[in-house]
Amino acid sequence: KFLKIAIVLLGAGISFQEIARLGGRGLIVIIILMCMVFGLTFFLGKRFNVSLRKKILIAVGVCICGNTAIVTTAPLIDAEDEEIAMAVGIVTLFGVLGVLIYPMVGLALGMSDTLFGAWAGTAINDTSQVVAAGFIYSEAAGKIATTIKLTRNIMIVPVVLLVAYFYRKNTTAGSNEKVNIVKIFPTFILGFLALALLNSIGVLTP
């Protein structure tokens, strides 16, 4: 809850122009990377004889918003507790490693704040991990990383709907549970956008 509140307040220092510039460019990269992640996950999963449900959970966790995406997708594909725990463990492990390793790599390569923020925002799994890595590097990198990560989070709605449809098409015992878009949508993004709007029109002073 504290993280979500902090993200909402972060919107007070960002304008819609920045969101459009960073999020718009990032969206193209995000969609490309999401397709690559799903393709690579399913390819490796087939090589190592991983079940369809595990492949789906790992893929959505890595490419969208970590554990939130996993927990949201799990009931739609009848995932078992062991499958959920495994996916959460993998995504959390690599996300934590990202928080520790990415800033060191960025500094070693002399990355600019913009480049590092874009890299962290598109490549690290969970929102909290992206925020941590970004602000460890610098305040500017943290803002960029968070903005791009929120663009990724919005993709949870279309991706989860597509995943549910894909699973039901490819199994004979798909879940009958309906997808509640309002429930799965990360609503703190609306608060972030609201404060960004107030900042953009000059209601909030420096």
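Check the entry above for the structure.
Note that the coordinates shown come from a computational prediction; the quantities given were computed from them, not determined experimentally.

1. Let's talk about the pattern of salt bridges
Step number 1: For the structure shown, the criterion picks out 4 salt bridges.
Step number 2: The salt bridge partner of glutamate 80 is arginine 53, with a shortest N-O separation of 3.7 Å. Of this pair, glutamate 80 sits in the loop between α4 (67–73) and α5 (81–109) while arginine 53 sits in helix α3 (residues 52–65); the two residues are 27 residues apart in sequence, bridging distant segments of the chain.
Step number 3: Accessibility expressed as a relative area gives 46% for glutamate 80, which makes it partly exposed.
Step number 4: A salt bridge links glutamate 139 to lysine 143, with the nearest nitrogen and oxygen atoms 4.0 Å apart.

2. Quick look at the environment of valine 160
Step number 1: Tracing the chain through its elements places valine 160 in helix α9 (residues 156–170).
Step number 2: Owing to a relative accessible area of 0%, valine 160 belongs among the buried residues under this scheme.
Step number 3: Taking the C-alpha atoms as reference points, valine 160 and leucine 115, separated by 45 residues in sequence, lie 29 Å from one another.

3. Quick look at the nonpolar core
For soluble globular proteins, the rule of thumb is that nonpolar side chains tend to be buried together.
Step number 1: Grouped together as the largest cluster of nonpolar side chains are 30 residues, with contacts concentrated most on Val60, Ile64 and Val159.
Step number 2: Contributing elements (two or more residues each) for this core: α2 (16–47), α3, α4, α5, α8 (139–154) and α9.
Step number 3: Of all the elements, α3 adds the most residues to this core, at 8 residues.

4. A word on the packing of aromatic side chains
For any two aromatic rings, the description comes down to two numbers: the centre-to-centre distance and the angle of the planes.
Step number 1: Inspection of every chain in the model, using the stated rule, returns 5 aromatic pairs.
Step number 2: Between phenylalanine 38 and phenylalanine 42, the ring centres sit 6.4 Å apart and the planes meet at 25°, which makes this aromatic pair stacked. With a gap of 4 residues between them, phenylalanine 38 and phenylalanine 42 both fall in helix α2, about one helical turn apart.
Step number 3: Their ring planes at 15° and their centres at 4.0 Å tell us that phenylalanine 116 and tyrosine 137 sit as a pair that is stacked. Of this pair, phenylalanine 116 sits in helix α6 (residues 113–123) while tyrosine 137 sits in helix α7 (residues 127–137), placing them 21 residues apart in sequence. Like phenylalanine 116, the residue tyrosine 137 is buried in the burial classification.
Step number 4: Put simply, the rings of Tyr102, Phe116, Trp119 and Tyr137 pair up and form one aromatic cluster.

Basis of the calculations
All residue numbers here refer to positions counted from 1 along the written sequence of the relevant chain. Residue-level local features of this predicted model are given only where pLDDT is at least 70; pairs of side-chain atoms are given and counted only at 80 or more, and the full residue set underlies all totals for whole chains, interfaces and linings. The side-chain figures draw on all heavy atoms in the structure; neither hydrogens nor water molecules are used. A carboxyl oxygen of Asp or Glu within 4 Å of a side-chain nitrogen of Lys or Arg is what we treat as a salt bridge. Comment: elements are numbered from the N terminus, with helices defined as DSSP H or I runs of at least four residues and strands as E runs of at least two. Any residue under 20% of the maximum accessible area for its type is buried, any over 50% is exposed, and the rest in between are partly exposed; the area is computed with a 1.4 Å probe on protein chains only. Joining through side-chain atoms within 4.5 Å is the link that ties buried Ala, Val, Leu, Ile, Met, Phe, Trp, Tyr and Cys residues into a set, and such a set is a nonpolar core. We call Phe, Tyr and Trp rings a pair once their centres come within 6.5 Å, taking the six-membered ring for Trp, and we label the pair stacked below 30 degrees between planes, edge-to-face above 60, and tilted otherwise.

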